[in-house]
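# Fold and geometry: a report
Residues per chain are reported as follows:
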Amino acid sequence: MPNSHPVARLTRAVIHTDRLAHNMRLLQDIVGARSLWPCIKANAYGHADEIIARELLRLGYDTFGVADVCEAVALIEEGIEATFIVLSNTLPEHAEALVAHGCEPIVCTPDTVRALARAADKLGRRVAVHVNVDTGMGRIGIAPAEVGAFLDYCKSYPSIEIRGIMSHFARADEADKRDALGQLARFEEVIEIARSHEIGLRHMANSAAIFDIPGSHFDAARPGISIYGLAPSADIANPRVRDLQPILEWRTRITFLKEAPRGKGLSYGHDFHTERPSLIATIPIGYGDGFSRRLSNDVDVLIGGMRCRQVGRVTMDMSLVDVTPLRGRVSLGDEVVVIGRQGEETITADELAAKLGTINYEIVTRIAERVPRVAISDDD
Ligand SMILES: *Cc1c(COP(=O)(O)O)cnc(C)c1O
């Protein structure tokens, strides 16, 4: 009877589904009648792909971007009925699984196209693909000059259907859009050259381009970070980026409180010593949850609506917080906000990203698997 004594972890990521709906409405308003294909790869940027996929389906979105066939299969096995566009290039050995599960892979190598065609013939199906053109990202994709020949190659296999032609921006999130506009111009040339071919839907825009490069919206856009309510960068010009609402809050609880005399060394290495008699709270979150050890002694959390300093080294499962200013007003079990809002105070993923020299994408994506994601809606 493994479930006869259910327990919930004290550290959890709360996912506000009503805010996801708000963000989708905002993005849809910007792109008008065009399709949005939300990217839910990497466990929906750490937000729980199953929760996000179910909510997006409920909102009427049915085509999602994933990193590989394994992510698609996991969602299909959870009962998610959607079209999965597989955004990373893969090896021929994945071809049969891709076809069998009805995925729409991006393609940019003849070997993979051939393997997909063979798998489709074997399974008696067709496979829809999206031809990926490298207009300047410099990661994967065929060169613009190869597009005609590559489309001909794809068309030589009756079981291959060219559902789309796509490209991806390297620098759409920067204030200076010259490089991004150069990519856009190359993609437009490619489309012009490919006019005589059936190229299906044209798609290029990520979140940054949805906000700042309207000319890149074409037939469909692929928003990722923005659906989660986070800005692609601080340099987005379109003021509507500020209407996004972060959907994730990272919360925990106080599990231990102690008075520490002045000069007491705290946590591994004692690299923090109290400067005054202090009230110290322990919270059950550490680098095992994705709360980086590099944040040690350099981060705030919210308790009682106040910013409180984290002190001593962040350990695997626990961290310490100086709650001296809250003496008499703080108790075991009190809620602690690591990312999110409490009272009038807010801590954002961007704030943690700045401290760690990274981007908000990495902060949320790195929240560890052991942290339960709990869906709530303020509409409920
Ligand atoms: C992840 C991804 C996106 C989404 O990018 P965001 O910056 O998160 O909006 C779009 N297209 C491709 C190919 C991607 O891999």
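With that settled, the discussion passes to the domain arrangement of the protein chain. The parts lose accessible area when they come together, and the size of an interface is often stated as this lost area. The domains assigned to the protein chain are domain 1 (17-235) and domain 2 (248-347). With centres defined by C-alpha atoms, the gap from domain 1 to domain 2 works out at 41 Å.

Turning our attention to the site of the ligand. Lining the immediate surroundings of the ligand are Cys39, Lys41, Tyr45, Leu87, His168, Asn206, Ser207, Arg222, Pro223, Gly224, Ile225 and Tyr361. Between a nitrogen atom of the ligand and a side-chain N or O atom of Arg222, the distance comes to 2.8 Å. With respect to the ligand, the side chain of Tyr361 contributes an N or O atom lying 2.7 Å from an oxygen atom. Here the ligand has 390 Å² of accessible area as a free molecule, and 91% of this is covered by the chains. Each residue belonging to the shell around the ligand can be placed in one class, and the counts come to six nonpolar, four polar and two charged.

With that settled, the discussion passes to the pairing of strand β6 (residues 127-132). Among the six residues of β6, six are classified as buried, and the element is accordingly described as predominantly covered. Alternating residues of β6 divide into Val127, Val129 and Val131 and Ala128, His130 and Asn132, and every residue in both groups is buried. Crossover handedness for the path strand β5 (residues 104-107) to helix α6 (residues 110-123) to β6: right-handed. Relative to strand β7 (residues 160-166), β6 is paired through six bridges, and the arrangement is parallel.

Let us now look at the packing of aromatic side chains. Inspection of the entire model under this criterion finds six aromatic pairs. On the numbers, 5.3 Å between centres and 80° between planes, the contact of Phe187 with Phe218 is edge-to-face. Taken together, the residues span a long stretch of sequence, with Phe187 in helix α8 (residues 178-193) and Phe218 in the loop between α9 (207-212) and β9 (220-221) at a distance of 31 residues. Classification of Phe218 by relative accessible area gives buried; the value is 13%. Here the aromatic cluster, defined as three or more aromatic residues joined through ring pairs, consists of Tyr45, Tyr228 and Tyr361.

On to the environment of Ile363. Secondary-structure assignment places Ile363 in helix α11 (residues 360-365). Assessed through its relative accessible area of 9%, Ile363 is described here as buried. Between the alpha carbons of Ile363 and Ala53 there is a distance of 21 Å; along the sequence they are 310 residues apart. With near-sequence residues (within four places) excluded, Ile363 lies in contact with Ile339, Ala349, Leu352, Ala353, Leu356 and Thr358.

So, about helix α7 (residues 147-155). For α7, the set of buried residues is Val147, Phe150, Leu151 and Cys154. Down the axis of α7, the buried side of the element spans an arc of 100°, and every buried residue falls inside it. Along its buried surface, α7 packs onto β5, α6, β6, β7 and α8.

One non-glycine residue, Phe218, adopts positive backbone phi at about 40°. Of note in the backbone geometry, Asn297 takes a positive phi value of approximately 60° without being a glycine. Note that Asn297 resides in the loop between β14 (278-283) and β15 (300-303).

This part covers the side chain of Ser377. Mapped onto the elements of the fold, Ser377 is located in the segment after β20 (373-376). The buried category is assigned to Ser377, whose relative accessible area is 14%. Not counting residues up to four positions away in its chain, the partners in contact with Ser377 are Thr17 and Asp18.

Now for the nonpolar core. In terms of nonpolar packing, the biggest core is built from 117 residues, with Ile40, Ile52, Val131 and Ile303 touching the most fellow members. Residue assignment places this core across two domains, with domain 1 (17-235) and domain 2 (248-347) each supplying three or more. With residues near it in sequence (within four places) discarded, Val131 still touches Val107, Ile142, Phe150, Leu151, Cys154, Ile162, Gly164, Ile165 and Met166. In this structure, Ala260, Leu266, Phe272 and Leu320 belong to the second largest nonpolar core, which totals six residues.

Thresholds, definitions, all that
Residues numbered from 1 in each chain as written. Predicted model: local features only at pLDDT ≥ 70, side-chain atom pairs only at ≥ 80, totals over all residues. Heavy atoms only, no water. Domains from an automatic or database assignment. Near = heavy atom within 4 Å. Polar contact = N/O pair within 3.5 Å; in protein donor to acceptor, adjacent residues only side chain to side chain. Areas by Shrake-Rupley, 256 points an atom, 1.4 Å probe, with all protein chains shown as cover. Nonpolar A, V, L, I, M, F, W, Y, C, P; charged D, E, K, R; others polar. Buried < 20%, exposed > 50% of the residue type's maximum accessible area, 1.4 Å probe, protein only. Helix = DSSP H or I, 4+ residues; strand = E, 2+ residues; numbered from the N terminus. Right-handed = clockwise from strand over helix to strand, strands pointing away. Pairing = 2+ DSSP bridges. Phe/Tyr/Trp six-rings, centres within 6.5 Å; stacked < 30°, edge-to-face > 60°. Contact = heavy atoms within 4.5 Å. Arc of directions from axis to C-beta. Core = buried A, V, L, I, M, F, W, Y, C linked by side-chain atoms within 4.5 Å.

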